[in-house]
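# Remarks on the overall topology
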Amino acid sequence: MPAAQNTERVVRKHPRPHTTLREPSEISCCLKYVIFGSNVLFWILGLCIMVIGIWAWSEKDTFNNLSRLTNIALDPAFVLILVGTLTFVIGFTGCVGALRENTCLLLGYAIILALLLLAEMTVGTLGFVFKDWIKAQATGGFQAFIVHYREDPDQQNLIDWIQEDWLQCCGIEGPKDWDRNNYFNCSSREVGSREACGVPFSCCRRRPNEIIKNKQCGYDVRKPGYNYDVGKIIYEKGCIQAGEEWVERNLLILACAAVVVAFVQVLGICFAQHLRSDIWAQKAKWH
């Protein structure tokens, strides 16, 4: 019999199909949803502010009467629209960019925040360096408010809030500045103007336990021979001086607020850039 031959069996293993396993995502979900969640709030806030501004314009019939746009920079409704639009755009780019992992929107978000931070730093620096120029601009704006006090309800409400609630003041340098308004001018020719040689009610001092504001408290207070002590009825300090004193009293609070706002903006820029880096790194592995 032939010798038994040891035969080596070769077992060929069929190669398994080539598969590419995607590594788990390295994009930080925490960072992603922090950016998304915080900017959802900005998105909603910006939309609300913008709608309020547009509604205020429509109530004043500004869209049908473009002649009202002569003092657009001093129009509170326009300021609301501008601030609301900017806030809406920031919230939209940050929110959608983070949720959809869109690097272009995240880049736009970071650029807008950087430009806004640069503008704030520039304004803050110029405000300290050119104090006299800022004061002159504030004086010019307040003069426009006084002249058009009865023409624009938004400006009227704003100046009443400044004089009565915020600074407790009257006029630019004093009550006499209300002579610039046709209704309060001592030689007013406005038909039926009972306010001649007076001041708005917002110049009046609050009385103890006053519940209903007397809208006529400022009548005749600037007329010669007025029988009462004017200083006990109205504020005699001008709003420019009152504003300077308010800034001096609250300088530390304003500085802290500016630092906090700047820190939040820098944090937003860093978060957006870090998320973009993670997205690009993950896309590089997929390719």
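All figures in this text were calculated on a predicted structure; none of them were measured in a lab.

What counts, and at which threshold
- Residues numbered from 1 in each chain as written.
- Predicted model: local features only at pLDDT ≥ 70, side-chain atom pairs only at ≥ 80, totals over all residues.
- Heavy atoms only, no water.
- UniProt positions renumbered as here; feature names shortened; annotations may be inferred.
- Helix = DSSP H or I, 4+ residues; strand = E, 2+ residues; numbered from the N terminus.
- Core = buried A, V, L, I, M, F, W, Y, C linked by side-chain atoms within 4.5 Å.
- Buried < 20%, exposed > 50% of the residue type's maximum accessible area, 1.4 Å probe, protein only.
- Contact = heavy atoms within 4.5 Å.
- Lys, Arg positive; Asp, Glu negative; His and termini not counted.
- Salt bridge = Lys/Arg side-chain N within 4 Å of Asp/Glu carboxyl O.
- Polar contact = N/O pair within 3.5 Å; in protein donor to acceptor, adjacent residues only side chain to side chain.
- Disulfide = S-S within 2.5 Å.
- 1 Å grid on protein atoms, 1.4 Å probe; cavity = no way out; pocket = protein on both sides within 12 Å on 5 of 7 lines; lining within 4 Å.
- Points joined across faces, edges and corners; volume = space filled by probe spheres on them.
- Expected span 1.5 Å × (residues − 1).
- Patch = residues over 30% accessible without salt bridge, like charges linked within 9 Å, V, L, I, M, F, W, Y side chains within 5 Å.
- Areas by Shrake-Rupley, 256 points an atom, 1.4 Å probe, with all protein chains shown as cover.
- Axes fitted to C-alpha atoms, helices over the stretch in contact; angles between N-to-C directions.
- Parallel < 35°, antiparallel > 145°, perpendicular 65-115°, else oblique.
- Left-handed = near helix turned anticlockwise from the far one by under 90°.
- Nonpolar A, V, L, I, M, F, W, Y, C, P; charged D, E, K, R; others polar.

Under the local residue numbering, the UniProt record ascribes the feature "transmembrane region" (unreviewed entry) to residues 33-57, 77-99, 106-130 and 251-272. End-to-end, the C-alpha atoms of residues 33-57 are 36 Å apart, and along that stretch the chain is 100% helix and 0% strand. The span residues 106-130 is 96% helical and 0% strand by assignment, and the distance between its end C-alpha atoms comes to 36 Å.

This brings us to the nonpolar core. One finds Phe142, Ile159, Trp178 and Val199 to be the most contacted residues of the largest nonpolar core, which totals 23 residues. Apart from the residues within four sequence positions on either side, Val199 is in contact with Cys170, Pro175, Trp178, Phe184, Gly218, Val221, Arg222 and Ile234.

Our focus in this paragraph is the side chain of Asp160. Here Asp160 shows up in helix H5 (residues 153-166). Despite its burial, Asp160 remains without a salt bridge, the nearest opposite charge being carried by Arg150 at 6.2 Å. In terms of polar contacts, Asp160 uses its side chain to reach the side chain of Tyr149, at 2.7 Å. Not counting residues up to four positions away in its chain, the partners in contact with Asp160 are Tyr149, Asp165, Pro200, Phe201 and Ser202.

Counted according to the given criterion, the structure contains four disulfides. For Cys169, the disulfide goes to Cys239, at an S-S distance of 1.9 Å. Disulfide Cys169 to Cys239: torsion about the S-S bond roughly 85°, handedness right-handed. Highlighted residues: Cys169 in the loop between H5 and helix H6 (230-233) and Cys239 in helix H7 (residues 239-249), separated in sequence by 70 residues.

A few words on the layout of surface pockets. Regions of empty space are outlined by a rolling probe, equal in size to a water molecule, passed over the atoms. The calculated volume of the largest pocket comes to roughly 1,500 Å³. Surrounding the largest pocket, 33 residues form its lining, Gly127, Ile134, Gly243, Val247 and Leu254 being those nearest its centre. Breaking the lining of the largest pocket down by element, the ones donating at least two residues are helix H3 (103-129), helix H4 (131-147), H5, H7 and helix H8 (251-286). By volume, the second largest pocket amounts to about 380 Å³. Of all the secondary-structure elements, those providing two or more residues to the lining of the second largest pocket are helix H1 (29-59), helix H2 (76-99), H3 and H8. The element best represented in the lining of the second largest pocket is H8, accounting for six residues.

Moving on, we get to H1. The terminal C-alpha atoms of H1 lie 45 Å apart, and with 31 residues this matches the ideal 45 Å at 1.5 Å per residue to within 8%. Taken together, the buried positions of H1 are occupied by Leu31, Lys32, Ile35, Asn39, Gly46, Met50, Gly53, Ala56 and Trp57. Contacts made by the buried residues of H1 are with H2, H3, H5 and H8.

A cluster of nonpolar side chains, contributed by Leu126, Phe128, Val129, Phe130, Trp133, Ile134, Val247, Leu251 and Leu254, occupies part of the molecular surface with about 870 Å² of accessible area. Those elements giving two or more residues to the nonpolar patch turn out to be H3, H4 and H8. Along the chain, Leu126 turns up in helix H3.

Two elements in contact, H4 and H7, have axes separated by 11 Å at closest approach and are oriented at 135°. The orientation of H4 with respect to H7, classified from their angle, is oblique. Here H4 and H7 pass one another in a crossing that is right-handed. Residues Lys135, Ala138, Thr139 and Phe142 of H4 pack against Cys239, Ile240 and Glu244 of H7. Class assignment for the residues of the contact of H4 with H7 results in four nonpolar, one polar and two charged.

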